[in-house]
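Next come the chains, spelled out residue by residue.
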Amino acid sequence: MEPSYVMTGLTAATMVQDADGYGLQRDAAIVVADDKIDWVGPACELPSRYAGLDRQHHGGRLVTPALIDCHTHIVHGGNRAREFEMRLNGASYEEVARAGGGIISTVTATRGATQDELLQAALPRIDAMIAQGVGVVEIKSGYGLDHDTELKMLRAARALGRLRPIRVVTSFLGAHAVPSGMDADVYIDTICLPTLEAAHAEGLADAVDGFCEGIAFDTAQIARVFDKARALGLPVKLHAEQLSHIGGTALAAKYAALSADHVEYATAADAAALAAAGTVAVVLPGAFYTIHETQPPPLQAFRDHGVPMAVGTDWNPGSSPLGSILLAMNMACTLFRMTPAEALAGTTRNAARALGLTDCGVIKAGMRADLAVWNVSDPAELSYGIGINPLNTRIFGGVA
């Protein structure tokens, strides 16, 4: 692997932990070799072996790892703008779901769409992410709730990663909702678990997710899904404690889940369990905002116990139609009182951890050259702006 070029004139937020939370390096240089970072450090210490390389000067701009959106549902049919109106008129998220709306309404639209239609609808969403410096996106199934549609969604998600310069990580979310008129346990046994096996056999699932909530599945039902995932050698993650506290976070910790997501109703004991398991707490302020939730996740408990925290958009057609990872960072700060340093770590280093990735999320030698160069000099500006996109250049695998 030969060095390709040198980036100079940078303020580098390497996200390697230090006192300021950013690993900030002023007047930095980064050497890119093919799709990897070969060297990073002060420009004045650039080794002489790189002297002959092409140089790209960035005028003091901030460079971070390319951002990572570690929780999305961007492959789906239809939209739920009318339910948005219902909620504005006073209906709760649970009331909408029990009236036949919510996830089930998207299931109907997704089942009726072809794989290509799902793909074409998702491409503008992927393009919007790329335009905000995202290099990795997680995409879930879960709007099929039958064998063919769940696989169709995952195939569309895989295709997105082939059609666009972005890394797609998939999660099988067959345990997302109970199909209308069907018993939850029967659904798990006859549809969810066999479809998970089929998804794994086809190489469509990187992880297994579930929705552990009163309007979805209880801990015993999710445990059966996780047991199957474990047997197949797949990591797990979980929508937990979003609307109530029914033990989902403790279950995620028991299975050493990559992440427990939402976690508004998690407790200090849950935080201790997540810390012991090495599980990331993923906060999703878009859903909190959209469904008018009032209980924020217990960030101080996560800090006290050393739980790594990530931030995602939860981009979906119902509870979080949020297509901006930068706005998610701002909302995590304003609604949940995250610090800007935590928000950036939550969309880089900790987001990579929430997906089980070890080759991205920080700027250091040997990591992928997935970078974002911003028209700012202070990392806090990324969380400070509202509706502002200061991206100058996104570099994916060494290519701008």
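This is a predicted model, so every value here is computed, not measured.

### Examining the overall build of the protein chain
Next up, step 1: Helices and strands together make up the secondary structure of the protein chain, namely 15 helices and 14 strands.
Next up, step 2: A compact globule built from 400 residues would reach a C-alpha radius of gyration of about 21 Å, and the protein chain, at 21 Å, matches this within 12%.
Next up, step 3: With respect to the three principal axes, the spread of C-alpha positions in the protein chain is 70 × 40 × 40 Å.
Next up, step 4: Burial status across the protein chain gives 60% buried among its 400 residues.
Next up, step 5: Put simply, 72% of the contacts in the protein chain that link residues at least 6 apart link residues at least 24 apart.
Next up, step 6: Of the roughly 14,600 Å² that the protein chain leaves accessible, carbon and sulfur atoms contribute 52%.
Next up, step 7: Of the side-chain charges in the protein chain, 30 are positive and 43 negative, and the distance between the mean point of each set is 3 Å.

### Notes on the nonpolar core
Taken as a class, soluble globular proteins show a tendency for nonpolar side chains to be buried jointly.
Next up, step 1: If you look at the biggest cluster of nonpolar residues, it comprises 102 residues, and the most contacted ones within it are Val75, Leu160, Phe302, Met338 and Trp374.
Next up, step 2: Here methionine 338 is in contact with Val283, Leu299, Arg303, Met309, Ala310, Val311, Ala332, Cys333 and Ala343, once residues within four sequence places are set aside.

### Considerations on the packing of aromatic side chains
Next up, step 1: What the rule picks out here adds up to three aromatic pairs.
Next up, step 2: A ring pair is formed by tyrosine 187 and phenylalanine 217, whose centres lie 6.1 Å apart and whose planes are at 25°; its orientation type is stacked. Within this pair, whereas tyrosine 187 is found in helix α6 (residues 184-201), its partner phenylalanine 217 is found in the loop between β8 (207-212) and α7 (219-232), the two being separated by 30 residues in sequence. Just as tyrosine 187 is buried, phenylalanine 217 falls in that class too.
Next up, step 3: Pairing phenylalanine 288 with phenylalanine 336 gives two aromatic rings, centres 5.0 Å apart and planes at 80°, and the pair type is edge-to-face. Of the two residues, phenylalanine 288 is situated in helix α10 (residues 285-290) and phenylalanine 336 in helix α12 (residues 325-336); the sequence distance between them amounts to 48 residues.
Next up, step 4: Arginine 368 extends its terminal NZ or CZ atom over the ring of phenylalanine 396, reaching a point 4.9 Å from the ring centre.

### A closer look at the pairing of strand β11 (residues 280-283)
Each regular strand carries side chains that alternate between the two faces of the sheet.
Next up, step 1: Judged by which residues are buried, β11 turns out to be covered on both faces: Val280 and Val282 on one side and Ala281 and Val283 on the other are all buried.
Next up, step 2: Pairing of strand β10 (residues 259-262) with β11, which is carried by three bridges, proceeds in the parallel orientation. If you follow alanine 260 over to β11, its bridge partner there is alanine 281.
Next up, step 3: Handedness of the β10-helix α9 (residues 268-277)-β11 crossover: right-handed.

### Remarks on unusual backbone geometry
Next up, step 1: We note that alanine 256 has phi near 50°; this positive angle belongs to a residue other than glycine.
Next up, step 2: By secondary structure assignment, the location of alanine 256 is in the loop between α8 (248-254) and β10.
Next up, step 3: Backbone geometry at valine 263 places phi at a positive 55°, although glycine is not the residue there.
Next up, step 4: Tracing the backbone through its elements, the reader meets valine 263 in the loop between β10 and α9.

### Concerning the environment of isoleucine 388
Next up, step 1: Mapped onto the secondary structure, isoleucine 388 falls in the loop between α15 (381-384) and β14 (391-395).
Next up, step 2: Expressed as a C-alpha distance, the spacing of isoleucine 388 and isoleucine 166, which sit 222 residues apart in the sequence, is 22 Å.

Cut-offs and rules
Residues numbered from 1 in each chain as written. Predicted model: local features only at pLDDT ≥ 70, side-chain atom pairs only at ≥ 80, totals over all residues. Heavy atoms only, no water. Helix = DSSP H or I, 4+ residues; strand = E, 2+ residues; numbered from the N terminus. Rg over C-alpha atoms; globule rule 2.2 N^0.38 Å. Buried < 20%, exposed > 50% of the residue type's maximum accessible area, 1.4 Å probe, protein only. Contact = heavy atoms within 4.5 Å. Areas by Shrake-Rupley, 256 points an atom, 1.4 Å probe, with all protein chains shown as cover. Lys, Arg positive; Asp, Glu negative; His and termini not counted. Charge placed at Lys NZ, Arg CZ, Asp CG, Glu CD. Core = buried A, V, L, I, M, F, W, Y, C linked by side-chain atoms within 4.5 Å. Phe/Tyr/Trp six-rings, centres within 6.5 Å; stacked < 30°, edge-to-face > 60°. Lys NZ or Arg CZ within 6 Å of the ring centre and 35° of its normal. Pairing = 2+ DSSP bridges. Right-handed = clockwise from strand over helix to strand, strands pointing away.

These results come straight from atomic positions and should not be treated as a statement about function.
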